[in-house]
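Chain by chain, the residues:
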Amino acid sequence: MGDTVLTDLFAPSRVAVVGATESEGSIGRAIVTNLRDEFDGETVPVNPNYDSVFGLDCYPDLASAPDIDLAVVVVPPHVAVDVVRGAGEAGIKNVVVITAGFGETGSEGASRERELQEIADEYDLNLVGPNSLGVMSTPVGMNATFGPENALPGSMSFMSQSGAFITAVLDWANDEGLGFKDVVSLGNKAVLSETDFIRAWGEDPETDVILGYLEGVEDGATFIETAREVTQTTPIVMVKSGRTDAGAQAVSSHTGTLAGSDRAYEAGLEQAGVLRVDSVQGLFDFSQILAGQPLPERDDVAIITNAGGPGVMTTDAVGDSGLSLASFTEGTLDALAEALPEEANIYNPIDAIGDAGLDRFREAIDIALDDENVGTAVVLAAPTAVIDYGELAEVTVELQEKHGKPVAAALMGGERTEAAADVLHEGGIPNYFDPARAVRSLDALTTYRDISEREYEAPTTFDVDRKRAEEILLRAKERGDNRLGVEAMGLLDAYGIPTPEGVIADSPEEAATAAMDIEGDVVMKIVSPDILHKSDIGGVKVGVADDEVEDAYEDLVTRARNYQPDATILGVQVQAMVDLDSGTETIIGMNRDPQFGPLLLFGLGGIFVEIIEDTTFRVAPISEREASEMVNDIEAAPLLRGARGREPADIDAVVECLQRLSQLVTDFPAILELDVNPLVATPDGARAIDIRLTVDTDEL
């Protein structure tokens, strides 16, 4: 997709509505009237059954219509494909397909959607939809949707996978006086996806904030790459639905989107620099402050209030956030003591007390914002007879501009706040009834500041034996099985992840010979792709002396046969002992998400991994910094760093193992799942003790 999306899709001179009609209650009628009423350009009805629609000349097809920049298609699905081909033949580059009955409806619809994609590819079309509500752009007054009303003008651009969500949000935003630049209903995303609009709006000087409601992401890797670039200058705030398993199930049936695991979204959006919220209110709380206020230089908040109780609530909210309560300088405390009555509280939160009039509020806000230790401020007021909210709003805007620090307001109350909120809104300051929302919004500003300053490193590329790894993976294919266990330890070896010395023996004698070559006692494990939890069936023996190895071999095989008579048994692994007492058992792993691709996991390992879920996730490939964050972000990280007198583990070795695993799973998309459990982290390095993986043999 080229740069034409912004200019032609959102600012066309002439829009054709294919399927235009005057029939009551029809979509074709709704779109024509929406365009006719407010669009700056020309609306061109297309329908072979009419000569005119609402007094506008109507054309039989797109070929006969004059110079169309955008075609909006509202004909039945079996005709829609031909209309889109006609648009391509007529040289029209931008098409919005409102029509439903494609990929979301079953196999016939899916093949129609593939046909749309082929036509779009052939004619290089920017195609929105199908199954879309349409598009809007306020600078040209364009409402090419069948929604009931146009958006108000503004600097936020908004995309949604759900058309109904757009109409509900616009209804709410219009009541709140919140405006947009461009709005797009993504529909089935047959051609243009969320990534295309992020790229386009990231290049658009008139879009200050990008908002989105997503049920799925088409290509996680490209999405992360694009969003990372865009969020350096333009914040992205998204509601992602399908957070729970139940929600994820509902999503796949709603728009034919394969619901990726929520953990993949959480990790992917965080790595992309996207601010994720879980409510519409959060979406607009964050976007308003991001659009209206500067980024803070410090994370310290000053609270200025006339109400003790709400002041304490606000302080609690600061404690729950990533922000901190500002400590005022001596000069600030002296100035406040002079400006405020004796019974006032000059420490943060500043309580100017209930009889505070405008002048007292003005002085308190001015002094607080002037303090070098203050990065942001909350102006918090409860209604009293001595304060006029409208005047307080004007003073707040004026002082915010004077000091250039971000301010959020919480003028609490009902109707009397409305005019004041408008004054604040004009000055780019959002007003929240609940002071906790004001604090969360300021927290979002500081989070976005950190995102915009991020420097992304490229992943390290290690020297590995890729050919050997491929040979090991191909064994699964030869065996007609898609699972591999400890017989695939060589895979880790090939990618430089350290493993204890060991071999897989297929007779008691071979096991005994192997044990003789390994110093000290050995660990022995049954090797079978059919037996995943070996320790549960007694399939592991630890500390076996050389003279006990043959008996141990027979015993392990017998146990496995009794447990699962039809299991494929490849032999017994004989492995050097690793001192678990001086180490910490961790797990490194990967699960291939249908949308984001390889999702890496790090956490406490051993038998506790599913009981104590202390894990971190990132989408591969990862850089050294991201691998290091994964290790240091688990709650049990102090264990690795040497808590309670333990000798610290070699954390660098664990970080390197994660990076090498990232390279392995990126190099081989055929690996669907992989667990190294445990990866034992000791003071002198890390060792992978056990592995199991699932491969897609068709991908090899």
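Just above, that's the structure.
Residues numbered from 1 in each chain as written. Predicted model: local features only at pLDDT ≥ 70, side-chain atom pairs only at ≥ 80, totals over all residues. Heavy atoms only, no water.

J.: Any chance you could break down the pairing of strand β30 (residues 691–695) for me, citing the residues and the numbers?
T.: In terms of burial, β30 is a largely internal element, four of the five residues being buried. Sheet topology note: the strand β28 (residues 671–682)/β30 ladder contains five bridges and is antiparallel. Each residue of the ladder has a partner; that of Asp675, found in β30, is Arg692. (Buried < 20%, exposed > 50% of the residue type's maximum accessible area, 1.4 Å probe, protein only. Helix = DSSP H or I, 4+ residues; strand = E, 2+ residues; numbered from the N terminus. Pairing = 2+ DSSP bridges.)

J.: Could you give an account of the sheet that holds strand β1 (residues 14–18), with specific residues and numbers?
T.: Strand order in the open sheet formed by five strands is β2-β1-β5-β6-β7, and the pairing between neighbours is parallel. In this open sheet, the two edge strands, each paired with only one partner strand, are β2 (42–46) and β7 (126–128). Across this sheet, the average inter-strand angle for adjacent strands is 20°, counted without regard to direction. Bridging between strand β5 (residues 70–73) and strand β6 (residues 94–97) involves four bridges; their strand directions are parallel. Residue pairing across strands places Ala71 opposite Val95, the latter belonging to β6. Here helix α3 (residues 77–89) sits on the sheet and contacts β1, β5, β6 and β7; the angle it forms with β6, its principal contact strand, is near 170°. (Axes fitted to C-alpha atoms, helices over the stretch in contact; angles between N-to-C directions. Contact = heavy atoms within 4.5 Å.)

J.: Tell me about the sheet that holds strand β21 (residues 502–505), and please be specific about residues and values.
T.: Reading across from one edge, β21-β24-β22-β23 is the order of the four strands in this open sheet, with antiparallel pairing throughout. In the strand order of this sheet, the two ends are held by β21 and β23 (540–544), each with one partner. Mean inter-strand twist for the sheet, computed between neighbouring axes without regard to direction, equals 20°. As paired strands, β21 and strand β24 (residues 571–576) are joined by four bridges and run antiparallel to one another. Paired with Ile504 across the strands is Gln573, a residue of β24. Running at roughly 170° to β21, helix α19 (residues 508–517) makes contact with β21, β22 (522–527) and β24 of the sheet.

J.: So what's going on with the pattern of salt bridges? Residues and values would help.
T.: Counted by the stated rule, this structure contains 36 salt bridges. Across the salt bridge formed by Glu194 and Lys189, the nearest N and O atoms sit 2.6 Å from each other. Across the salt bridge formed by Glu270 and Arg454, the nearest N and O atoms sit 2.7 Å from each other. Of this pair, Glu270 sits in helix α9 (residues 262–272) while Arg454 sits in the loop between α16 (435–452) and α17 (466–479), and the two are 184 residues apart along the sequence. On the basis of relative accessible area, Glu270 is assigned to the partly exposed category, the value being 37%. (Salt bridge = Lys/Arg side-chain N within 4 Å of Asp/Glu carboxyl O.)

J.: An account of the packing of aromatic side chains is needed here, citing residue identities and associated values.
T.: Here the distance between the centres and the angle between the planes together describe a pair of aromatic rings. By the definition in use, this model includes eleven aromatic pairs. When the centroid spacing of 5.7 Å and the interplanar angle of 40° are considered together, the rings of Phe197 and Trp201 count as tilted. Placement of the pair is Phe197 and Trp201 together in helix α6 (residues 194–202), with a separation of four residues, close to one helical turn. On the basis of relative accessible area, Phe197 is assigned to the buried category, the value being 1%. Ring geometry for Phe223 versus Phe596: centroids 6.3 Å apart, planes at 80°, classification edge-to-face. With Phe223 in helix α7 (residues 220–230) and Phe596 in the loop between β25 (584–593) and β26 (597–604), the pair connects residues that are 373 residues apart, well separated along the chain. By the burial criterion, Phe223 is buried, and Phe596 matches it. Following the ring pairs from residue to residue traces out a cluster consisting of Phe158, Phe165, Trp172, Phe180, Tyr213 and Phe284. (Phe/Tyr/Trp six-rings, centres within 6.5 Å; stacked < 30°, edge-to-face > 60°.)

J.: Mind laying out the side chain of Ser162, listing which residues take part and the relevant values?
T.: Tracing the chain through its elements places Ser162 in the loop between β10 (152–160) and α5 (163–176). A residue is classified by how much of its surface remains accessible, and Ser162, at 12% relative accessible area, is buried. At 3.5 Å, the side chain of Ser162 forms a polar contact with the backbone nitrogen of Ala164. A distance of 3.1 Å separates the side chain of Ser162 from the backbone nitrogen of Phe165, its partner in a polar contact. Residues in contact with Ser162, not counting those within four places in the same chain, are Tyr213 and Glu215. (Polar contact = N/O pair within 3.5 Å; in protein donor to acceptor, adjacent residues only side chain to side chain.)

J.: Tell me about the environment of Gly109, and name the residues and values.
T.: On the secondary structure map, Gly109 appears in helix α4 (residues 107–123). On the basis of relative accessibility, which here comes to 2%, the residue Gly109 falls in the buried class. A sequence separation of 32 residues divides Gly109 from Pro77, and the C-alpha atoms of the two residues are 8.3 Å apart.

J.: Which residues make up the nonpolar core, and what are the values?
T.: Counting 50 residues, the largest nonpolar core has Val135, Met142, Met159, Val184, Phe197 and Phe223 as the members making the most contacts within it. Tallying contributions element by element places α9 first for this core, with five residues. Val135 has contacts with Phe10, Leu70, Val96, Val128, Met142, Asn143, Ala144, Thr145, Val183 and Val184, leaving out every residue within four places of it along the chain. Ala488, Leu604, Val665 and Ala681 belong to the second-largest nonpolar core, a separate cluster that totals 49 residues. (Core = buried A, V, L, I, M, F, W, Y, C linked by side-chain atoms within 4.5 Å.)

J.: Explain the packing of helix α14 (residues 389–403) against helix α15 (residues 417–426) to me, and be specific about the residues and the numbers.
T.: Contact geometry of α14 with α15 gives a least axis separation of 8 Å together with a crossing angle of 15°. In terms of axis orientation, α14 runs roughly parallel to α15. As α14 packs across α15, the resulting crossing turns out to be right-handed. Contacts between α14 and α15 involve Tyr389, Gly390, Ala393, Glu394, Thr396 and Val397 from the first element and Thr417, Ala420, Val423 and Leu424 from the second. Here the contact of α14 with α15 is built from residues that sort into six nonpolar, three polar and one charged. (Parallel < 35°, antiparallel > 145°, perpendicular 65-115°, else oblique. Left-handed = near helix turned anticlockwise from the far one by under 90°. Nonpolar A, V, L, I, M, F, W, Y, C, P; charged D, E, K, R; others polar.)

J.: Provide a residue-level description of unusual backbone geometry, including the pertinent values.
T.: Cis geometry marks the peptide bond from Asn348 to Pro349, where omega comes out at 0°. Locating Pro349 in the fold gives a position in the loop between α12 (330–339) and β17 (350–351). Of the consecutive residues Asn677 and Pro678, the connecting peptide bond is found in the cis state with omega at 0°. Take Pro678: it is sitting in strand β28. Even without glycine at this site, Phe54 takes up a positive phi of about 50°. By secondary structure assignment, the location of Phe54 is in the loop between β3 (52–53) and β4 (56–57). For Phe54, a relative accessible area of 21% corresponds to the partly exposed category. Phi is positive for Lys189, which is not a glycine, with a value near 55°. Summarising the element assignment, Lys189 is placed in the loop between β11 (179–185) and α6. Its relative accessible area of 4% is what places Lys189 among the buried residues.

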